[in-house]
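Structural description and commentary
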Amino acid sequence: MNLQRLWTILRKDLVDAIRDGRVLAVILIPIALGVFYGLIYPDEEPRPTATVVVVGSSADADRIATTLPRDVSRALELKIERASDAAEAKTTVADDDADIAVVVPDGYLAAASGNGAPPPLQAFIGTQPSPSAQAVANLLPATVDRLAERPPGSALAVETVEPVSQSAFDALGMRTFFVIAAVVMLLGFIGMLATPIILAEEIEKRTIEALLLAARGSEVLTAKALVGLIYSAVASAITILATGITIERPGLFLLGAAGLAISVVGLGLGMAYLFRSADKLNTWGWVLLMPLLIPAFLVSVDGSQVVDIIVQATPTGQGMRLMVDGALSSDVFGGVGLALAVFVVWGGGGMLVLGRLLQTRGS
Amino acid sequence: MHDPPPAEHPTGVTPAVHVDGLLKRYGEVEAVRGISFSVPPGEVFGLLGHNGAGKTTTIRMLTGRTPPTGGTASVGGHDIVTAREQARSVLNLVFEDQNLYGRLTGRDNLKLFGDLYGAPADRTDELLERVGIADAAKRKVKTYSTGMKQRLLLARGLINDPQVLFLDEPTRGLDPVSARNLRGIVRELRDGGTTVVLTTHDMVEADELCDRVAFLSDGEIIALDTPRELKLRVEDGDRGPAHPHRRHARVLLADRSERTVALDDPEQAAELNRWISDGQILTVHSDEPSLADVFVALAGRSLDEDHQDETEAGR
């Protein structure tokens, strides 16, 4: 491969393609969508909410369940649920259906009254507690002290509970989730519309014949792929910087974005040779693209096994999973190896189709 | 990797193009059926034939864009299969389609290919000047006329200073002035030692430009010679009832009357001499067969049939 020729074709495409209104629209629409999501979903909700499970059916449990929401009402809006036993409450927290659970034994307030050390009050909280859950944990002792008519100082014996599963939506919040979804959309648009439009126009206008006379097929193909990847990188960076979302693990986020971009660019180049017309691609490419984008949004759905298979088998689903994990300090999904395998299969498949077509054309 | 040495012809001169038994098969269809010919350096060689005769497939093979099914061919002494990269470095092609980048300027179009071929930096401006579009160099190509685009295509074909230039229907769709200008440039190239291989439907153009022509019909070469020899070959044979005389001339006399004189009739030849002596002749035109007549005589079909087919297919 001649790097000088590769650079020459790449430089031409970078400048020429962006002048094509179709390519420009395909790049700008998802960036605008990402910025729009960033604007309509605020960073923090004005009044955070939390769900608290109060375990026990005694009068003490009732008093705590009634008093706690009033005590924290300036900071939090509490939803109180009741549970009959500690095991049920622990499962509720693990399922992420409640932020915190408090076990109130019979006669606790009486036992806690007086000046001595109160017996510990058991509570369950997730390993990555939300600020609301943490706030409840901090405020609860003051309520208990007041109800027990004792000086402040009651202690909580807090036990962390490993979550069974956590939705991406809950982990990230709507704003970050939709901005990442917009980045997936952006990568899909560039990979499966902009990049193939660039190649299909060359095929349609037969300029590729002239290129293939002066350069190798592999050089032309690599240059087209690099154009798609460079546009993807720049557009993704603009979207993330413009929305200001926090990426806790940039390496993992980048791996997801790069893997998805390479995969859809490979697929898109294969599509260019199937359609062989920029206009046809601009019209019908969406029909193929839209079903491929849906899995990115399904990652937040706690759905059936079929949905999970679709998400895990598609590059957009896997890309979204890795990027969500990258935006958080710990994994919601995991499975980097499977994600990379899915990227290779989809992207490699598209490139193989294209390579075979180029070979049969004697290039 | 070292370049394989150019193949030398038995005559000692390396032919610019050498084709031996070249064959191309698409499934059951033989597009080119084992053709052979050789083009010496500096010659303008025409490949003529109807649509589907195998001209374009032959050019595709010679320019390394499709591999042959059988036979061998070399360009500039480099085998088109085993030394394809070397062969490509000494050839270029002016495509029939005006495949230029419309959003780029004329200069940028040319510079792109100059960079791909590693041409000197000043080659771009030199060629723009040479083909007469230097004034429009900074304009986007989509604003160019058909003639200007064709000139730019020719400049692109010359960007790597090729030993062999293939021209695929170079004047198709051009107005007469643009076509004449382009033919002038082809003559300059020949005078400068560039070998030109030309495919065309236009028999008048081929007659005017080509040193030798090959008639292709159904994938085979049915005749190959200079235009003059081909015409004489047919003239000496049976040209059919439309042309009962073998050699004759049309003479326009001073009284504006037109006479047809059989040159092999002693009495009419004497009369012609008398008109010359008396200064009565305004013009004399020979009535030799055209290359199109030759093609019809040899292929048994007219090139016009293809144009009619194309027109009907387009309806």
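Model, not experiment: these values are computed from the prediction.

**Thoughts on the domain arrangement of chain A**
Under the domain assignment used here, chain A contains domain 1 (3-41 + 169-362) and domain 2 (49-164). In this structure, domain 1 of chain A and domain 2 of chain A have C-alpha centres spaced 47 Å apart.

**Concerning the sheet that holds strand β13 (residues 281-286) of chain B**
All names here are of chain B. With antiparallel pairing, 3 strands are arranged side by side in an open sheet as β12-β11-β13. Because the sheet does not close on itself, it has two edges, and the strands there are β12 (258-262) and β13. Averaged over all adjacent pairs, the angle separating strand axes in this sheet is 25 degrees, with direction ignored. Pairing analysis gives 5 bridges linking strand β11 (residues 248-253) to β13, with the strands arranged antiparallel. Pairing of Leu253 across the sheet is with Ile281, part of β13.

**As for the interface of chain A and chain B**
You'll often see interface size given as the accessible area lost when the parts meet. In this assembly, 24 residues from chain A lie in contact with 26 residues from chain B. Per-residue buried area on chain A facing chain B is highest for Arg19, Glu209 and Leu213 of chain A; these three make up 26% of the total on that side. At the junction of chain A and chain B, the tally comes to 7 salt bridges. One salt bridge connects Arg103 of chain B with Asp16 of chain A, and the closest N-O pair in it is separated by 3.2 Å. Put simply, chain A and chain B have 10 residue pairs in polar contact (both at pLDDT 80 or more) between them. Of all the secondary structure elements, the ones that give two or more residues to the side of chain A that touches chain B are α1 (3-17), α8 (174-204) and α9 (207-214) of chain A. The dominant element in the side of chain A that touches chain B, judged by the number of residues it contributes, is α9 of chain A, at 7 residues.

**Here's the deal with the sheet that holds strand β9 (residues 212-217) of chain B**
Residues and elements named next belong to chain B. Across the sheet, 6 strands lie side by side as β6-β7-β8-β3-β9-β10; this open sheet has mixed pairing. Since the sheet does not close on itself, it has two edges, and those belong to β6 (91-94) and β10 (220-225), each with one partner. Neighbour-to-neighbour, the strand axes of the sheet open up by a mean angle of 20 degrees, direction not taken into account. Both strand β3 (residues 44-49) and strand β8 (residues 195-200) contribute to a ladder of 5 bridges, which runs parallel.

**With respect to the pattern of salt bridges**
Under the counting rule described, the total for this entry stands at 34 salt bridges over all chains. We note a salt bridge from Lys224 of chain A to Asp13 of chain A, for which the minimum N-O separation is 2.7 Å. Residue Lys224 of chain A is located in helix α10 (residues 217-243), and its partner Asp13 of chain A is located in helix α1; the two are separated by 211 residues in the primary sequence. Each of the two residues, Lys224 of chain A as well as Asp13 of chain A, counts as buried. Measuring nitrogen to oxygen at the nearest pair gives 3.7 Å for the salt bridge that ties Glu208 of chain B to Arg183 of chain B. Highlighted residues: Glu208 of chain B in helix α7 (residues 203-209) and Arg183 of chain B in helix α6 (residues 176-191), separated in sequence by 25 residues. On the basis of relative accessibility, which here comes to 39%, the residue Glu208 of chain B falls in the partly exposed class.

**Considerations on α9 of chain A**
Among the 8 residues that make up α9 of chain A, 8 are buried, leaving the element largely enclosed by the rest of the structure. Regarding α9 of chain A, the residues found buried are Thr207, Ile208, Glu209, Ala210, Leu211, Leu212, Leu213 and Ala214 of chain A.

**Description of the environment of Leu6 of chain A**
Residue and element names in this part refer to chain A. Mapping Leu6 onto the fold places it in helix α1. The class of Leu6 is buried, set by a relative accessible area of 8%. Note: C-alpha distance between Leu6 and Val54 (48 residues apart in sequence) is 66 Å. Residues in contact with Leu6, not counting those within four places in the same chain, are Met1, Glu219, Thr222, Ala223 and Leu226.

**Focus on a nonpolar patch on the surface**
Residue and element names in this part refer to chain A. A contiguous nonpolar surface patch, about 230 Å² in accessible area, is contributed by Ile18, Leu24 and Leu28. Relative to the helices and strands, Leu28 resides in helix α2 (residues 21-40). Looking at Leu28, the relative accessible area reads 47%, which means it is partly exposed.

Basis of the calculations
- Residues numbered from 1 in each chain as written.
- Chains lettered and ligands numbered in written order.
- Predicted model: local features only at pLDDT ≥ 70, side-chain atom pairs only at ≥ 80, totals over all residues.
- Heavy atoms only, no water.
- Domains from an automatic or database assignment.
- Pairing = 2+ DSSP bridges.
- Helix = DSSP H or I, 4+ residues; strand = E, 2+ residues; numbered from the N terminus.
- Axes fitted to C-alpha atoms, helices over the stretch in contact; angles between N-to-C directions.
- Contact = heavy atoms within 4.5 Å.
- Buried area = accessible area lost by both parts, 1.4 Å probe.
- Salt bridge = Lys/Arg side-chain N within 4 Å of Asp/Glu carboxyl O.
- Polar contact = N/O pair within 3.5 Å; in protein donor to acceptor, adjacent residues only side chain to side chain.
- Buried < 20%, exposed > 50% of the residue type's maximum accessible area, 1.4 Å probe, protein only.
- Patch = residues over 30% accessible without salt bridge, like charges linked within 9 Å, V, L, I, M, F, W, Y side chains within 5 Å.
- Areas by Shrake-Rupley, 256 points an atom, 1.4 Å probe, with all protein chains shown as cover.

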